[in-house]
Amino acid sequence: MNNANFNQSEQDYLESLLMLSKNNEVVHRIDVAKRMSVSGAAVNKAMKLLCEKGYVYEDGKHLYLTKSGKAYAEKVYEKHCIIRGFLQKLGVSPDNAEEDACRMEHLVCEETFEKMKEFLEK
């Protein structure tokens, strides 16, 4: 994941699809809308763009991550988890750590992320 290609909305949608697909056999647009608290129209627009980029495909009713979409989503989610864990290790409350991780996962460069990861592994 390269910060030059940064797109927070794209990453949020991919991460939501990943989380939904872990708990559900199939993912519908309405599931994404509910999880992200956005309109159906916003989901439609985002899915169209993600399909064009090759991150998502659909069979008419259901949404699926492609191999590259899943890899991208997993990288974003890994960042989220590491940052959340790092913040909690510093003593940040779980709620604030979760909220901050949601924002920071899109902004942290690879070097900083790797250092956070190394710190947690010690």
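Anyway, here's the lowdown on the structure attached to this text. (Residues numbered from 1 in each chain as written. Predicted model: local features only at pLDDT ≥ 70, side-chain atom pairs only at ≥ 80, totals over all residues. Heavy atoms only, no water.)

Using the criterion set out here, one finds three aromatic pairs in the structure. Here the aromatic rings of Tyr57 and Tyr64 are separated by 5.0 Å at their centres, their planes lie at 20°, and the arrangement is stacked. Owing to a relative accessible area of 43%, Tyr57 belongs among the partly exposed residues under this scheme. Between the NZ or CZ atom of Lys79 and the centre of the ring of Phe113, over which it lies, the distance is 5.8 Å. (Phe/Tyr/Trp six-rings, centres within 6.5 Å; stacked < 30°, edge-to-face > 60°. Buried < 20%, exposed > 50% of the residue type's maximum accessible area, 1.4 Å probe, protein only. Lys NZ or Arg CZ within 6 Å of the ring centre and 35° of its normal.)

A few words on the environment of Glu10. With respect to the helices and strands, the residue Glu10 is situated in helix 1 (residues 8-23). Residue classification places Glu10 among the buried positions, given a relative accessible area of 8%. Counting along the chain gives 39 residues from Glu10 to Leu49, while the straight-line C-alpha distance between them is 8.6 Å. Here Glu10 is in contact with Leu50, Lys53, Tyr55 and Tyr72, once residues within four sequence places are set aside. (Helix = DSSP H or I, 4+ residues; strand = E, 2+ residues; numbered from the N terminus. Contact = heavy atoms within 4.5 Å.)

All chains considered together, the criterion is met by eleven salt bridges. Through salt bridges that share partners, Lys75, Glu78, Lys79, Glu110 and Lys117 make up one connected network. (Salt bridge = Lys/Arg side-chain N within 4 Å of Asp/Glu carboxyl O.)

Inspection of the secondary structure puts Leu87 in helix 4 (residues 67-89). Sequence separation between Leu87 and Glu98 is eleven residues; the distance between their C-alpha atoms is 8.7 Å.

Since one α-helical turn is 3.6 residues long, residues separated by three or four positions face the same way. Helix length check: helix 4, at 23 residues, gives a terminal C-alpha distance of 33 Å against a target of 33 Å (1.5 Å per residue), a fit within 8%. Three or more residues of helix 4 are buried, namely Gly69, Tyr72, Ala73, Val76, Lys79, His80, Ile82, Ile83, Phe86 and Leu87. At its buried positions, helix 4 is contacted by helix 1, strand 2 (63-65), helix 5 (94-104) and helix 6 (110-121). Within two residues after helix 4, Gly91 carries a phi angle of roughly 105°, on the positive side. (Expected span 1.5 Å × (residues − 1).)

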